[in-house]
Amino acid sequence: MAMTVLEAHHLRKSYWSQGKSIAAVQNVSLSIAEQEVLAFLGPNGAGKTTTIKMLAGLILPDAGQVRIAGRDPHHDPKALRSLGAVLEGNRNLYWRLNPLENLEYFGVLRGLSPKIARQRSQRLLERFGLVEKRRSLVQTLSRGMQQKLAIAVALIHDPQLLLLDEPTLGLDVEATESVKQLVREIAAEGRAILLTTHQLHIAEELSDRVAIMNQGKIIVEEPTAQLIRQFSGTAYTVELEQALDLERSQRLRALGAVIHHHRLYLPKPELLYPVLDLLNPLPIVRLEKDQANLTDIFLKLVREEKNT
Ligand SMILES: Nc1ncnc2c1ncn2[C@@H]1O[C@H](COP(=O)(O)OP(=O)(O)OP(=O)(O)O)[C@@H](O)[C@H]1O
């Protein structure tokens, strides 16, 4: 069985603002196992940042516990050895240093010997395709390279848990693909990843599980595929290469298909094979089952909450 890397139980945090208490996080529990990517989603102000700061040991919860690889980051500094974080873009980098210096500096800061820091830096530069740029100032690198370097720096001490905030925001298509691939590899080698993003298609592609937070609480937590299945319809759409002849159209309508130009809509799944029989041997361009995406699901759930 996969080992649990991150465990958070019943976290709470309120802020005082203008004489009023704001319950930013109310009873949040989360866990992530090794090799697992949890997408941690929610609208602005839901309490994600506050939760992540409590997980990372940056702010003390009013109540609740955090364990990273079994250790409490609020009481045992060793817990931070198991944690790597890329929070708020690439602000974990020094812009006036080059990639090699950044990696070595943060490696030593996290407790590696200079020798080990250098070895690990070189390996990460190779792995992240940054060898040629190792002596260029960070501020001169492309946004994609800076982001890759930020992830490499977070991995310098080989942490089991990686907190990743908006890893693909502002990146071009190619850089996005390469960061996505890296995230998959980093999880596959046994790490647990907490991914926060407002780019829901990225969350859908990368996550094994989704937790959606709203108004300080987690409103859904489920495997991504299961959530999508649950919200997907059972209807089919068939797209044909050419328009239908009159006779076929009539017979298909009699079965219950809805015809619109080259497209047939089958409201019930059991219509699929009788319809395909009737269409045979006409060329089919596309056959699609109604599939929800994370964006629709997210909006639906968050709006439902608002109305209750
Ligand atoms: N230091 C603070 N003092 C007072 N209130 C705060 C503080 N930090 C956050 N809050 C409030 O707590 C609530 C949750 O904020 P938080 O930043 O955790 O949300 P978020 O889900 O991360 O949102 P975003 O996606 O916009 O970053 C908000 O109502 C916010 O205004």
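Residues numbered from 1 in each chain as written. Predicted model: local features only at pLDDT ≥ 70, side-chain atom pairs only at ≥ 80, totals over all residues.

- If you check an unreviewed UniProt entry, the protein appears there as ABC transporter ATP-binding protein from Thermocoleostomius sinensis A174.

### Here's the deal with the sheet that holds strand 2 (residues 20–33)
Thinking step 1. One open sheet holds the 3 strands; their spatial order is 2-1-4, and the pairing between them is antiparallel. Two strands in the sheet have a free side with no partner beyond their single neighbour: strand 2 and strand 4 (63–68). The average undirected angle you get between the axes of adjacent strands in this sheet is 20°.
Thinking step 2. Judged from the 5 bridges that link them, strand 1 (residues 4–17) and strand 4 form a sheet pairing that is antiparallel. Paired with Arg12 across the two strands is Ala63, which belongs to strand 4. (Pairing = 2+ DSSP bridges. Helix = DSSP H or I, 4+ residues; strand = E, 2+ residues; numbered from the N terminus. Axes fitted to C-alpha atoms, helices over the stretch in contact; angles between N-to-C directions.)

### Structural notes on the nonpolar core
Thinking step 1. Counting 67 residues, the largest nonpolar core has Leu6, Ala39, Val153, Ile193, Leu194 and Leu195 as the members making the most contacts within it.
Thinking step 2. With 7 residues, helix 4 (residues 143–154) is the single largest residue contributor to this core.
Thinking step 3. If you look at the next biggest cluster of nonpolar residues, it comprises 6 residues, including Tyr236, Val238, Leu264 and Leu266. (Core = buried A, V, L, I, M, F, W, Y, C linked by C-beta atoms within 7 Å. Buried ≥ 20, exposed ≤ 12 C-beta atoms within 10 Å, placed from the backbone.)

### Remarks on the environment of His198
Thinking step 1. Checked against the element boundaries, His198 lands in the loop between strand 7 (192–196) and helix 6 (200–206).
Thinking step 2. For the pair formed by His198 and Leu169, sequence separation is 29 residues and the distance between their alpha carbons is 8.8 Å.

### Notes on the domain arrangement of the protein
Thinking step 1. When its domains are assigned, the protein resolves into domain 1 (4–230) and domain 2 (233–289).
Thinking step 2. Relative placement of domain 1 and domain 2: their C-alpha centres are 46 Å apart. (Domains from an automatic or database assignment.)

### A short note on the sheet that holds strand 11 (residues 258–260)
Thinking step 1. On the basis of which strands lie adjacent, the open sheet formed by 4 strands has the order 11-12-10-13 and antiparallel pairing. Here the strands that pair on one side only, and so sit at the sheet edges, are strand 11 and strand 13 (284–289). Across the sheet, the mean angle separating the axes of adjacent strands is 15° when strand polarity is ignored.
Thinking step 2. Where strand 10 (residues 236–240) lies against strand 12 (residues 263–266), 4 bridges are found, and the strand directions are antiparallel. Within strand 12, the position partnered with Thr237 by the bridge is Tyr265.
Thinking step 3. Lying on the sheet, helix 9 (residues 272–279) is in contact with strand 10, strand 12 and strand 13; it crosses strand 12 at an angle near 155°. (Contact = placed C-beta atoms within 7 Å.)

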